[in-house]
Amino acid sequence: QVQLVESGGGLVQAGGSLRLSCTGSGRTFSIYAMGWFRQAPGKEREFVAAISWSGGSTYYADSVKGRFTISRDNAKNTVYLQMNSLKPEDTDVYYCAAKGGGLPGGNWQDYDYWGQGTQVTVSS
């Protein structure tokens with residue numbers, strides 16, 4: 001089992017940057033593909049980015065491609081989401097998730113473990 005804790009959210013002006021971190025417990029963290037999702041109240045959970053267990057493959061939603069970068073450091077049991085050129089529409093609660101087995105993907109229902117979420121607010 002993996003427990004995930006996100007950090008790094010906050011309030012930022014449009015055009016600014018934030019880096020989210022997600023740290024996992026357990027020595028098996030490195031075998032999990034990891035994903036970032038976001039969700040606003042009353043809306044469907046939305047895929048943001050994902051990364052394979054090795055970090056060799058990354059995937060992005062079209063809405064964040066070129067602005068966000070996902071990376072991981074398995075020695076630190078941590079996955080990151082660097083968010084640049086933030087827009088007000090990026091305002092959401094951001095969740096990291098771990099997927100046991102297979103390639104990472106954009107379907108939130110395929111992920112097994114979730115963090116508690118961190119709020120990102122982008123002001124115009």
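Everything discussed here concerns the structure shown above.
Predicted model only: the values in this text are computed from it and were never measured. (Residues numbered from 1 in each chain as written. Predicted model: local features only at pLDDT ≥ 70, side-chain atom pairs only at ≥ 80, totals over all residues. Heavy atoms only, no water.)

Trainee: Give a detailed account of the overall build of the protein, specifying residues and quantitative values.
Mentor: In terms of regular secondary structure, the protein is built from zero helices and 11 strands. Along the protein, helices (α) and strands (β) appear in the sequence β-β-β-β-β-β-β-β-β-β-β when read from the amino end. Against the globule reference of 14 Å for 124 residues, the protein gives a C-alpha radius of gyration of 13 Å, in line with a compact fold. On the principal axes, the C-alpha backbone points of the protein span a range of 40 × 30 × 25 Å. Counting across all 124 residues of the protein, residues that qualify as buried make up 43%. Sequence separation of at least 24 residues holds for 58% of the intrachain contacts in the protein that already meet a minimum separation of 6. Of the accessible surface of the protein, which amounts to about 6,200 Å², a share of 47% is contributed by carbon and sulfur atoms. Taken together, the 11 basic and 10 acidic charged side chains of the protein have centroids lying 6 Å from each other. (Helix = DSSP H or I, 4+ residues; strand = E, 2+ residues; numbered from the N terminus. Rg over C-alpha atoms; globule rule 2.2 N^0.38 Å. Buried < 20%, exposed > 50% of the residue type's maximum accessible area, 1.4 Å probe, protein only. Contact = heavy atoms within 4.5 Å. Areas by Shrake-Rupley, 256 points an atom, 1.4 Å probe, with all protein chains shown as cover. Lys, Arg positive; Asp, Glu negative; His and termini not counted. Charge placed at Lys NZ, Arg CZ, Asp CG, Glu CD.)

Trainee: Report on the pattern of salt bridges, specifying residues and quantitative values.
Mentor: One pass over the full model with this rule turns up five salt bridges. In this structure, the salt-bridge partner of Glu46 is Arg38, at a minimum N-O distance of 3.0 Å. The partner of Asp92 in a salt bridge is Arg38, with the nearest N and O atoms 3.8 Å apart. One end of the pair, Asp92, is in strand S9 (residues 92-100); the other, Arg38, is in strand S4 (residues 32-39), and 54 residues separate them in sequence. One network of salt bridges, in which partners are shared, links Arg38, Glu46, Arg67, Asp90 and Asp92. (Salt bridge = Lys/Arg side-chain N within 4 Å of Asp/Glu carboxyl O.)

Trainee: Describe the packing of aromatic side chains, with residues and values.
Mentor: The geometry of an aromatic ring pair is captured by two quantities: the separation of the ring centres and the angle between the planes. Counted according to the given criterion, the structure contains six aromatic pairs. Between Phe37 and Phe47, the ring centres sit 5.7 Å apart and the planes meet at 65°, which makes this aromatic pair edge-to-face. With Phe37 in strand S4 and Phe47 in strand S5 (residues 46-51), the pair connects residues that are 10 residues apart, well separated along the chain. Ring geometry for Phe37 versus Tyr111: centroids 5.1 Å apart, planes at 75°, classification edge-to-face. Taken together, the positions of Phe37 in strand S4 and Tyr111 in the loop between S9 and strand S10 (113-114) put the pair 74 residues apart, joining distant regions of the chain. The same class applies to Phe37 as to Tyr111, namely buried. By the ring-pair criterion, three or more aromatic residues cluster together here, those being Phe37, Phe47, Tyr95, Tyr111 and Trp114. One Lys or Arg, Arg45, reaches over the ring of Trp114 and ends 4.6 Å from the middle of that ring. (Phe/Tyr/Trp six-rings, centres within 6.5 Å; stacked < 30°, edge-to-face > 60°. Lys NZ or Arg CZ within 6 Å of the ring centre and 35° of its normal.)

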